[in-house]
Amino acid sequence: MLARMDTHSFDTVVIGAGIAGATAAAHLAADRRVALIEAEEAAGYHSTGRSAAMWIQNYGPATVRVMTGLSRGFFDAPPPGFADAPIMLHRPVLFIAPEEQMAAFRGVLGAGIGLRQIAPAEAEAMVPALRPGWVRGAAVENDAFDMDVARLHQGFLRQLRARDGVLALRSRAGRIERRGGVWHVEVTGGAVFRAKVLVNAAGAWGDVVARLAGVAPLGLQPKRRTGVIIDPAPLDVANWPMINDVAHTWYARPEARTKMMVSPADETDLDPQDVQPDELDIAIAIDRMQQALAIEVKRVEHSWAGLRTFTPDRELAIGWDDTAEGFFWSVGQGGYGIQTSPAAGQLVADLIAGRVPGALGPVLATLDPRRFRGAR
Ligand SMILES: Cc1cc2nc3c(=O)[nH]c(=O)nc-3n(C[C@H](O)[C@H](O)[C@H](O)COP(=O)(O)OP(=O)(O)OC[C@H]3O[C@@H](n4cnc5c(N)ncnc54)[C@H](O)[C@@H]3O)c2cc1C
């Protein structure tokens, strides 16, 4: 039996206060009582605080691109009072291909939205450190931008509080039971949160939380991705685009005006954990970047790793479970959880309220977690 002391009743309990849980909770709190519970001392300690913070339309599978596009308006014009400064900063993405990636390049161009092919010389003018002759194919997505992830995340948490929602930090859901048509979620310290609807937004721990609730997992796979900060001095990189090879074996982008972030675009399968970078991945990031860019790396200033958690088909999983009443999934945000978050949070609230989710209607089946149960 769960502890009966210190029991709190809500309409919806959301587990996980990363960007997925924060956006869902903020939207849900518009018309219901919501508790957002988070295991860590700080919301955003895991994947949400470890991203590359780029919004890129030409990224991820088809439905992710739809969700990314639908989220665009929110970044352009967040609601009044949402943030005290812009949450986006324009930065084009330069897709480049060496000779051996030209087949992939043609594929990227063919499927691309708003991609403009440019001559290799134009790419070299945008990024003067490109080694002459390395680029054989180049294209620009001009409409991309850096996201201010912390400001976005805090904006949703503030919106939750303003709507009388509760954020409970240091509250790991340890036991989850459904009794009398109500979920009982016991957290660190023994408090119990009760609600008819439970939203699982636990990121890499999505399947762990499901198992706690007696719900079959979806087959989520957390994958490590590494970020490295270097000092490219004497190069002035502030206005460079993000640079992405089309085979997605590395990418680099300016960071805080004078630095560069580099990633080897690694995807190492791991169990959910407080993941740390691996020395080999750091070396690979620098090596791959230096094959294309003449940048001397005297030392690594900082490195980190985060988990990008994918469903088996790499699309998001947003919707009701069909095996447990009142159990709702918002997981599988992969490498696009921030850029899709405004549309995803709205969708969670719409589906839970039984509203028809407007523009997302045609792609709902692709997002439905029941696709992994063979139940459609
Ligand atoms: C290096 C890197 C680069 C990336 N670049 C981009 C990018 O450019 N653009 C983009 O859109 N996305 C990017 N991403 C992906 C993005 O960071 C993720 O998709 C997103 O942060 C996932 O958010 P989340 O809320 O699902 O997970 P998280 O932020 O991990 O949140 C899940 C939360 O659930 C909590 N939790 C787990 N179990 C429990 C429990 N039992 N009880 C209570 N709380 C629990 C955890 O503590 C955690 O805080 C990148 C990721 C990485 C690692």
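This is a predicted model, so every value here is computed, not measured.

Chemist: Hey, could you go over the sheet that holds strand β5 (residues 88-90) for me, with residue numbers and the actual values?
Modeler: Strand pairing in a sheet relies on backbone hydrogen bonds, with the paired strands running either antiparallel or parallel. Read from one edge to the other, the open sheet built from three strands follows the order β4-β9-β5, with strand pairing classed as antiparallel. On the outer flanks of this sheet lie β4 (54-55) and β5, each paired with one strand and no other. Looking at chain direction, β4 and strand β9 (residues 145-147) are connected through two bridges and run antiparallel. In the sheet register, Trp 55 faces β9, and the bridge partner there is Phe 145.

Chemist: Please provide a residue-by-residue account of the packing of aromatic side chains, values included.
Modeler: Aromatic rings considered in pairs are described by the distance between their centres and by the relative angle of their planes. Scanning the entire structure with this criterion turns up eleven aromatic pairs. When the ring of Trp 55 is compared with that of Phe 145, the centres are 4.8 Å apart and the planes differ by 10°; the resulting orientation is stacked. One end of the pair, Trp 55, is in strand β4; the other, Phe 145, is in strand β9, with 90 residues separating them in the sequence. Exposure remark for Trp 55: the relative accessible area of 3% places this residue in the buried category. An aromatic cluster is defined as three or more aromatic residues linked by ring pairs; in this entry it consists of Trp 55, Phe 75 and Phe 145. The ring of Tyr 45 carries the charged tip of Arg 50 above its face, separated from the ring centre by 5.0 Å. Lying over the aromatic face of Phe 310, Arg 314 brings its terminal NZ or CZ to 3.9 Å of the ring centre.

Chemist: So, the pattern of salt bridges: which residues are in play, and what are the values?
Modeler: Considering all chains together, one arrives at 31 salt bridges under this definition. A salt bridge links Asp 269 to Lys 223, with the shortest nitrogen-to-oxygen separation between them at 2.8 Å. Here Asp 269 is found in strand β19 (residues 268-269), whereas its partner Lys 223 is found in strand β15 (residues 221-230), with 46 residues between them in sequence. A residue is classified by how much of its surface remains accessible, and Asp 269, at 44% relative accessible area, is partly exposed. On the accessibility criterion, Lys 223 (15% relative accessible area) is buried. Note that Arg 253 is salt-bridged to Glu 255, the shortest N-O span being 3.8 Å. For Arg 253, a relative accessible area of 7% gives the class buried. On the basis of relative accessibility, which here comes to 26%, the residue Glu 255 falls in the partly exposed class.

Chemist: Would you mind going over the domain arrangement of the chain in detail, with residue names and values included?
Modeler: Partitioning the chain into domains gives domain 1 (7-52 + 149-218 + 313-373) and domain 2 (93-142 + 221-310). Each of domain 1 and domain 2 has a C-alpha centre, and the two are 32 Å apart. Contacts between the two partners involve 16 residues from domain 1 and, on the opposite side, 17 residues from domain 2. Summing both sides of the interface, domain 1 and domain 2 together bury roughly 1300 Å²; the carbon and sulfur share of this comes to 52%. Where domain 1 meets domain 2, there are two salt bridges. Glu 267 serves as the salt-bridge partner of Arg 314, at 2.8 Å between the closest nitrogen and oxygen. Across the side of domain 1 that touches domain 2, the residue classes tally to six nonpolar, eight polar and two charged.

Chemist: Which residues make up the nonpolar core, and what values do they have?
Modeler: In this structure, Val 14, Leu 28, Met 67, Phe 75, Leu 152, Phe 156 and Ile 318 are the most contacted members of the largest nonpolar core, which totals 66 residues. Two domains each provide a minimum of three residues to this core, namely domain 1 (7-52 + 149-218 + 313-373) and domain 2 (93-142 + 221-310). The residues touching Ile 318, leaving out its near neighbours within four places in the chain, are Met 67, Phe 328, Trp 329, Ser 330, Ala 344, Leu 347, Val 348, Leu 351, Leu 367, Asp 368 and Pro 369.

Parameters and conventions
Residues numbered from 1 in each chain as written. Predicted model: local features only at pLDDT ≥ 70, side-chain atom pairs only at ≥ 80, totals over all residues. Heavy atoms only, no water. Pairing = 2+ DSSP bridges. Helix = DSSP H or I, 4+ residues; strand = E, 2+ residues; numbered from the N terminus. Phe/Tyr/Trp six-rings, centres within 6.5 Å; stacked < 30°, edge-to-face > 60°. Buried < 20%, exposed > 50% of the residue type's maximum accessible area, 1.4 Å probe, protein only. Lys NZ or Arg CZ within 6 Å of the ring centre and 35° of its normal. Salt bridge = Lys/Arg side-chain N within 4 Å of Asp/Glu carboxyl O. Domains from an automatic or database assignment. Contact = heavy atoms within 4.5 Å. Buried area = accessible area lost by both parts, 1.4 Å probe. Nonpolar A, V, L, I, M, F, W, Y, C, P; charged D, E, K, R; others polar. Core = buried A, V, L, I, M, F, W, Y, C linked by side-chain atoms within 4.5 Å.

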